[in-house]
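Working through the structure, step by step
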Amino acid sequence: MGELRLMKGNEALAEAAVRAGSDGYFGYPITPQSEVIEYLMAEKPFERTGMVVLQAESEVAAINMLYGGGGTGKKVMTSSSSPGISLMQEGLSYMAGAEIPCIVANIVRGGPGLGDIQPAQSDYFQSVKGGGHGDYRLPVLAPASVQEMSDFVPISYDLAFKYRTPVLIVSDGLIGQMMEKVELFDQMPRITDKEINEKYPWATNGKPKGKERRILTSLDLDPHKLEKHNFHLQDKYKQIEANEVRYELIDCDDAEYIIVAYGSSSRISQKAIQLARAEGIKVGILRLITLWPFPKKPIDELVIKGIKGFLAVEMSAGQMVEDVKLTVRERTKVEHFGRYGGVIHSPEEVLEALKTKIIGG
Amino acid sequence: MSEIAIQDIIKPENLVYEKTKLMTDKTLSYCPGCGHGTTHRLIMEVIEELGQENETIGVAPVGCSVLAYEFMNVDMQEAAHGRAPAVATAIKRLWPKKVVFTYQGDGDLAAIGTAETIHACNRGEQIVIVFINNGIYGMTGGQMAPTTLPGMKTATSPYGRDIATMGNPLKITELVAQLPGTYYVTRHSVHTAAAARKAKRAIKKAFQNQLDGKPGLSFVEVVSNCNSGWKMEPVQSNIWMEENMFPYYELGDIKVDGKLLSK
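Analysis parameters
- Residues numbered from 1 in each chain as written.
- Chains lettered and ligands numbered in written order.
- Predicted model: local features only at pLDDT ≥ 70, side-chain atom pairs only at ≥ 80, totals over all residues.
- Heavy atoms only, no water.
- Helix = DSSP H or I, 4+ residues; strand = E, 2+ residues; numbered from the N terminus.
- Rg over C-alpha atoms; globule rule 2.2 N^0.38 Å.
- Buried < 20%, exposed > 50% of the residue type's maximum accessible area, 1.4 Å probe, protein only.
- Contact = heavy atoms within 4.5 Å.
- Areas by Shrake-Rupley, 256 points an atom, 1.4 Å probe, with all protein chains shown as cover.
- Axes fitted to C-alpha atoms, helices over the stretch in contact; angles between N-to-C directions.
- Parallel < 35°, antiparallel > 145°, perpendicular 65-115°, else oblique.
- Left-handed = near helix turned anticlockwise from the far one by under 90°.
- Nonpolar A, V, L, I, M, F, W, Y, C, P; charged D, E, K, R; others polar.
- Domains from an automatic or database assignment.
- Buried area = accessible area lost by both parts, 1.4 Å probe.
- Pairing = 2+ DSSP bridges.
- Patch = residues over 30% accessible without salt bridge, like charges linked within 9 Å, V, L, I, M, F, W, Y side chains within 5 Å.
- Salt bridge = Lys/Arg side-chain N within 4 Å of Asp/Glu carboxyl O.
- 1 Å grid on protein atoms, 1.4 Å probe; cavity = no way out; pocket = protein on both sides within 12 Å on 5 of 7 lines; lining within 4 Å.
- Points joined across faces, edges and corners; volume = space filled by probe spheres on them.

On to the overall build of chain A, then. Scanning chain A from N- to C-terminus turns up 15 helices and 15 strands. Its C-alpha atoms give chain A a radius of gyration of 21 Å, near enough to 21 Å, the size a compact globule of 361 residues would have. Here the C-alpha coordinates of chain A stretch approximately 70 × 50 × 40 Å along the principal axes. Residues counted as buried form 60% of the 361 residues belonging to chain A. The long-range share in chain A, meaning contacts at least 24 apart out of those at least 6 apart in sequence, stands at 78%. Per element, the accessible surface of chain A, about 14100 Å² overall, is 52% carbon and sulfur.

All names here are of chain A. Between helix H1 (residues 9–19) and helix H8 (residues 146–163), the shortest axis-to-axis distance is 8 Å and the interhelical angle comes to 20 degrees. By the angle class used here, H1 and H8 are roughly parallel. Of the two possible hands of crossing, H1 and H8 adopt the one that is right-handed. Taken together, the residues of H8 that come into contact with H1 (itself represented by Gly9, Asn10, Ala12, Leu13, Ala16 and Ala17) are Val146, Met149, Ser150 and Val153. Among the residues forming the contact of H1 with H8, the class breakdown is 7 nonpolar, 3 polar and no charged.

Right, let's talk about unusual backbone geometry for a bit. Cis geometry is found at the peptide bond from Thr31 of chain A to Pro32 of chain A, where omega equals 5 degrees. Put simply, Gly111 of chain A and Pro112 of chain A share a cis peptide bond, and its omega is 0 degrees. As for its placement among the helices and strands, Pro112 of chain A is situated in the loop between strand S5 (102–108) and helix H7 (124–128). The phi angle at Asp257 of chain B is positive, at roughly 50 degrees, despite the residue not being glycine. With respect to the helices and strands, the residue Asp257 of chain B is situated in the loop between strand S9 (252–256) and strand S10 (259–260). For Asp257 of chain B, a relative accessible area of 37% translates into the label partly exposed.

Our focus in this paragraph is the packing of helix H12 (residues 263–278) of chain A against helix H15 (residues 347–359) of chain A. Residue and element names in this part refer to chain A. For the pair H12 and H15, the least separation of the axes is 8 Å and the interaxial angle reads 60 degrees. Considering how the two elements wind past one another, H12 and H15 form a crossing that is right-handed. Counting all contacts with H12, which are made through Ile268, Ser269, Lys271, Ala272, Leu275 and Ala276, the residues of H15 involved are Pro347, Glu348, Val350 and Leu351.

Another point: the domain arrangement of chain A. Residue and element names in this part refer to chain A. According to the domain assignment, chain A contains domain 1 (3–194) and domain 2 (247–359). Relative placement of domain 1 and domain 2: their C-alpha centres are 27 Å apart. In this complex, domain 1 contributes 30 residues to the contact, which on the side of domain 2 involves 26 residues. Between domain 1 and domain 2, the buried area comes to about 2200 Å², and carbon and sulfur atoms account for 54% of it. The largest share of the area that domain 1 buries against domain 2 comes from Gln121, Tyr124 and Phe125, three residues that together contribute 33% of it.

Another point: the sheet that holds strand S15 (residues 333–338) of chain A. All names here are of chain A. In space, the 5 strands of this open sheet follow the order S10-S12-S11-S14-S15, with mixed pairing throughout. Each of the sheet's edge strands pairs with one partner strand only, and the pair in question is strand S10 (247–250) and S15. Going from strand to strand, the sheet's axes swing by 20 degrees on average, the running direction of each strand aside. One ladder, built from 4 bridges, connects strand S11 (residues 257–261) with strand S14 (residues 309–314); its direction is parallel. Directly across from Ile258, in S14, lies its bridge partner Phe310.

Residue and element names in this part refer to chain B. On the surface, a nonpolar cluster with roughly 450 Å² of combined accessible area is contributed by Ile4, Ile6, Ile9 and Ile10. Along the chain, the position of Ile4 falls in the segment before helix H1 (6–9). Using a relative accessible area of 62% as the deciding quantity, one classes Ile4 as exposed.

Attention shifts here to the layout of surface pockets. Estimates place the volume of the largest pocket at around 510 Å³. Looking at the largest pocket, it is lined by 21 residues, and the ones nearest its centre are Ile215, Thr217, Leu219 and Asp220 of chain A together with Tyr69 of chain B. Of all the secondary-structure elements, those providing two or more residues to the lining of the largest pocket are helix H6 (89–98), strand S9 (215–216) and helix H11 (223–243) of chain A together with helix H3 (68–71) of chain B. Each residue belonging to the lining of the largest pocket can be placed in one class, and the counts come to 9 nonpolar, 6 polar and 6 charged. Computed from the structure, the second largest pocket encloses a volume of approximately 300 Å³. In this structure, the second largest pocket is lined by 17 residues; those nearest its centre are Lys129, Arg137, Glu241, Trp292 and Lys296 of chain A. When contributions to the lining of the second largest pocket are tallied by element, the ones reaching two or more residues are H11, strand S13 (290–292) and helix H14 (320–328) of chain A. Per-element tally for the lining of the second largest pocket: the top contributor is H11 of chain A, with 4 residues. Looking at the lining of the second largest pocket residue by residue, the classes come out as 7 nonpolar, 3 polar and 7 charged. Formed jointly, the lining of the second largest pocket draws a minimum of three residues from each of two domains, domain 1 (3–194) and domain 2 (247–359) of chain A.

Here you go:
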């Protein structure tokens, strides 16, 4: 049993960053995730593990610090919230192109624009469809608890280095701010310079003696070469789609209806299905753990099993629901129930939406 | 007179100068007469002379020198436009014993990347910034730069830079020299052999500062010509540079060993 602590989601993410053997955290304060850098600065991981923590001048600088650091084969991470993540899209596109690993955590708040500082899930499109310019995708993990804010950090590093890609942890202000019991994993060692040189021949940390120099770039002025690079990226995304889908089925065995949700909305939906089942309504939850790759297969299997309808519950005006519809392909009913702008669903209104939009609709 | 065969001349004892092996054999993409190639070579010669070939990571900009990594034979990262100082910051923080430099043009360093430039300087990152100032955006076809001189004609100031509406040329080098985080700030040119030798000494001092762990950032500006962007022949552009650029961007040391020099 690992160490038990009562922590905020943001703090669990920060502590997990240290324990996962991060070499550097580069960030810029923004509500509702400022506790991440505050925790790290107070915790002094530079004394605990030698991890670098730096407050950047902007989110633009922070993401480019990740480009530099990740490009040398070190484990680097940042976190921000929606407006700050928008500023990072340029850097994420460059990192997708240059194939640089890192973790970017988005503690989503209401938008658009400056929006507010309350929890939302309205950055789904930005997270799963690329976000910046060009043809690329990023693996996206969606924690639904403080525990997962911790657990998903080492998983994300594994994905980031396995596929040489930035990985997004997309949470929201509710999970970032709420306190729960968390079982922390034990401190993992930081990677040594020798291990970097053995494992990551692409890492630009000084040309090895007698070998060719390494170049990290997203530029190729020859369109045919750039197309070839794009083929390579697309092959990689296909591999990720084949191997890295994660989801959880909750009470789906006897279910006639399914709620599709992730993160905070999946937690609220858990209460909603308890209320529904007390009334004899057989409903389960398909919880997305990876938002991309999207869990197409389990949805397909549920359709084949004869599910009468899917309700996409998300704190947005209807983003994830589009992927549910693309998977269901009109074989059964798909509806969306959302609250926007930082407002959170109550379990009762989720149940009501299930009744009016799916069962009675 | 007896004939002298070429193979009689090519002998090790006759060698007075050679291309550093830290420049690749790739043909430079720069216009004939441009100062980029010379500056590339000076940096690579310095890294070779300091024995840092295997310890150096360079960061290339966006602009004419976007392909600097094609020519510089060391590990390189290509940064987004203006972000090289942030990229270099993390590399140096995570690899404090390595030698890290950025190579940036005026649009990259003094317009879109002003924040990254100033804050890397202000934090006193132990990196070298080499800044090429030719007063114009060369790569995109000769548009106005933050360093374009008053009255100077460019594609986006076709009637000359009007300072009332387009602002004054930015002396960012003097600006960063004011910050406590800069240790060495200097301005040079590479348009003559004598100037190039001086510039090389400055570049070497900048890298030596980093190797010696001197507290702060070393910043070397190279005022250069852009004969294509200025629509001049190379020789003419160098004369124009001497007559117009140098009076505004005065050559010489601005800050040495952390101390501002009084004029």
